[in-house]
Structure formats: structure tokens, C-alpha cells
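Results of the structural survey
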Amino acid sequence: MFKKTLIAVMAASALALTACGGGTQAASGGGADKKIVMGFAQVGAESGWRTANTKSVQESAKTAGVDLKFSDAQQKQENQIKAIRSYIQQKVDVIAFSPVVESGWDTVLKEAKDAKIPVILTDRAVDSADKSLYKTFLGSDFVLEGKKAGEWLVGDSKSASGTVNIVEIQGTTGSAPANDRKQGFEEAIKADPKLKIIASQSGDFTRSGGKQVMEAFLKNNPKIDVVFAHNDDEGLGAIEAIEAAGKVPGKDIKIITIDAVKDGMTALSAGKINYIVECSPLLGTQLMDLAKKVLAGETVPERVVTEETTFTQEQATKALPTRQY
Ligand code: GZL
């Protein structure tokens, strides 16, 4: 008799503990003292922007007390997919990544969903029709960035007589920033028929890529008035090619870029670049906040767009001393 009573009492108290949440911890990081484990699959280390973005994510994870597992895919989609699969096997609480290209993610995102691991997209988006495959997107409006670049050129070319020949150094082929910046820029320059894109090629968001593409453009096009580079690093590579060709960047050939990292802003302030549209890499704090909200079961916006501005040469000179990246 005594034994039966003892078992009944123990069972009741265990139940009570679970009910008031003192005894167990929620499986996915919801427990008060369990550290959130985040698997982050980074694109690579292709540009100054990416380096700043990685620093922001790593430092924010430390500040937020998030246990961060980090991988660098060297700009290869198959490496990002491998990293995501390893995070699924490790049963992390949440996965975050910046998809190097827009397509080809449904299968691995379905595997994460089946494993009940929420996914947050940061920086770049995917073109999947199934919005249930990720919880939210945190990053820039790349179409707007391209539009801002084009609108500046329309204003700057008002007094130009004759055709303005533009060469475009695109970002990574198939990536959301490359696709959307191109779209925004082309839409904006429709306002002035003098503005013509005479050549367009990918520099893969790297300085060396920008230099190689610009060397080819200079060889094949006798009259180039403007370079639209999808990021600062490609623009800095283009500057090297333009100077090697004996021309003055910012004067003989105007340059517009996107990002506003320190090296780009320094070239802008020195007059070698004419205009930069900012794209903030400082996504870490917002990412950690979103991860905590998702794991706490709170609803989060489908899309969180970052605040960004633009810089002329004078504005860059003023802003440089206080830039964080
Ligand atoms: C934009 C980001 C782009 C940057 C490049 O959010 O994905 O990738 O513009 C970086 O500098 O390589």
C-alpha cells in the first residue's frame, strides 16, 4: 500500500513541476536558461561589405548570448546547402543565411521545415513561391538602391549633350542584389533617352572581377562616360583599370556604386567615385532580435527592410570619420 502511495505522490509532483514549467525546458531554445543555438551559412568573404556583415553577425551573437555556428561558402550554393544540412543534423534552434543566388533552395528549406527548425533570410532573398519555408527576410530593398543610382545619373546628365554611354558591372549572376539593382537602375534611367547601357557583365561583387570587366569594356568601347558598378569593390577595381588606361576616374569616366564601405567612401571623398548608394551590412542586432522572437513563438513581419541613405563626394568627406565600416 505504502509503495503505491509513494509512486502516486511522485507522479503528481512531477506533473506539477512540468505544468508550472520549472522542471523541463522548451525544446527549441525557449527555456529561460538554455542558450539559443544559431546556424549561420554566410555567402563568403568576397567584398568589404561581406566582411562587415560577418563581423556584425558574430559580434551581435556574442552580445545577445546566442551560440553561433558559422560557415563561409566561398560564394558557392552547394557549400551553403551542405552547411544548412549540417545545422539540421546538429539540431540547431534556428538557421539564418544569405542565399548566394535566388533559386534552388526549396528542397533544403523543406528539410529544415520538416525538422521543425525555423529559417531566417538575411541580406539576400530567395525566389521560392512557398513563403512558409522561412519565417522572415531581413535586408535591403535592392530595387530601390538601383533606382537611387539611376535617379542621380538622370539629374547629373541633364546638361549633357548627346548620348551618355553607360557600362554596367553587375554583381553575382543570379543573386537578388544583382537582379534587383539592375532592374531599379534601368527603370530610373528610362526618364532620359540620352542614357544608354552599352555593355553589362558580372564582376561577381569582387575588386578583381570589377577590374577585369572594366579592362574588357575599355578595350571594346571607345567612348565610355559612366560606370554603374553593383558594389564598391567592383567600382574600386574599375578605378584601377581606368587609371591604367591613362584616364581620370570620376572625371573622364564617372562612377556610381552601391554599399558605402570605408574604401568606397574614401574613393568617393577623393573624387574617384561620383555617387554611392548605401547598403547597410549591420544586420546582426536585428537578426538576433528576430531569432529570439521567432523562437518565443511571437509573430514577426514577413519582411524587415533596413534604413539606408546616399552619399555625394562632399557628404562622404563629412561622414567618413564616424563610419562604422
Ligand atoms: C547586398 C550584398 C552584396 C553587397 C556586396 O546586400 O548581398 O553582396 O552589395 C556583397 O558588396 O558582396
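Residues numbered from 1 in each chain as written. Predicted model: local features only at pLDDT ≥ 70, side-chain atom pairs only at ≥ 80, totals over all residues. Heavy atoms only, no water.

1. Overview of the pairing of strand 7 (residues 195-202)
Here strand 6 (residues 164-170) pairs with strand 7 via seven bridges, running parallel. What sits directly across from Ile-166, in strand 7, is Ile-197. A crossover connection joins strand 6 to the parallel strand 7 through helix 6 (residues 176-189); in handedness this β-α-β unit is right-handed. (Pairing = 2+ DSSP bridges. Helix = DSSP H or I, 4+ residues; strand = E, 2+ residues; numbered from the N terminus. Right-handed = clockwise from strand over helix to strand, strands pointing away.)

2. Quick notes on the site of the ligand
Neighbouring residues of the ligand: 13 residues in total, closest Glu-46, Asp-123, Arg-124, Arg-181 and Asp-259. Between Asn-231 and the ligand, the recorded distance is 2.9 Å, taken from a side-chain N or O atom to an oxygen atom. Expressed as a share of its isolated accessible area of 320 Å², the protein-covered part of the ligand is 100%. When each cavity is represented as a set of grid points, the ligand is found to reside in the largest cavity. Broken down by secondary-structure element, the contributors of at least two residues to the shell around the ligand are helix 2 (48-64) and helix 6. (Near = heavy atom within 4 Å. Polar contact = N/O pair within 3.5 Å; in protein donor to acceptor, adjacent residues only side chain to side chain. Areas by Shrake-Rupley, 256 points an atom, 1.4 Å probe, with all protein chains shown as cover. 1 Å grid on protein atoms, 1.4 Å probe; cavity = no way out; pocket = protein on both sides within 12 Å on 5 of 7 lines; lining within 4 Å. Sits in = over half its atoms within 2 Å of the grid points.)

3. Examining helix 6
Taking 1.5 Å per residue as the helical rise, helix 6 with its 14 residues ought to reach 20 Å, and the 20 Å between its terminal C-alpha atoms agrees with that figure. Taken together, the buried positions of helix 6 are occupied by Ala-176, Pro-177, Ala-178, Arg-181, Gly-184, Phe-185, Ala-188 and Ile-189. Those residues of helix 6 that are buried lie in contact with helix 5 (142-156), strand 6, strand 7, strand 8 (226-229) and strand 9 (254-259). (Expected span 1.5 Å × (residues − 1). Buried < 20%, exposed > 50% of the residue type's maximum accessible area, 1.4 Å probe, protein only. Contact = heavy atoms within 4.5 Å.)

4. Side note on the sheet that holds strand 5 (residues 136-139)
The parallel open sheet is built from six strands, whose spatial order is 2-1-3-4-5-11. Looking at strand neighbours, the two that pair on one side only are strand 2 (67-72) and strand 11 (303-305), the edges of this open sheet. Pairs of neighbouring strands in the sheet enclose a mean axial angle of 20°, with direction left out of account. Across three bridges, strand 5 lies against strand 11 in parallel orientation. Bridging from a neighbouring strand, Gly-139 pairs with Val-305 of strand 11. Sheet strands touched by helix 2: strand 1 (37-42) and strand 2. Its angle to strand 2, the strand with the most contacts, is close to 160°. (Axes fitted to C-alpha atoms, helices over the stretch in contact; angles between N-to-C directions.)

5. Observations concerning the sheet that holds strand 7
Spatially, the six strands line up as an open sheet ordered 7-6-8-9-10-12, and their pairing is mixed. A strand with exactly one partner marks an edge of an open sheet, and here the two such strands are strand 7 and strand 12 (310-311). In the packing of helix 7 (residues 207-220) onto the sheet, contacts are made with strand 6, strand 7 and strand 8, and the angle to strand 6 comes to roughly 150°.

6. Concerning helix 2
The end-to-end C-alpha separation of helix 2 is 24 Å, in line with the 24 Å expected for 17 residues at 1.5 Å each. Buried within helix 2 we find Trp-49, Arg-50, Ala-52, Asn-53, Thr-54, Ser-56, Val-57, Ser-60 and Ala-61. Those residues of helix 2 hidden inside the fold are in contact with strand 1, strand 2, helix 8 (232-244), strand 9 and helix 10 (284-295). Just downstream of helix 2, Gly-65 is the residue with a positive phi angle, here 70°.

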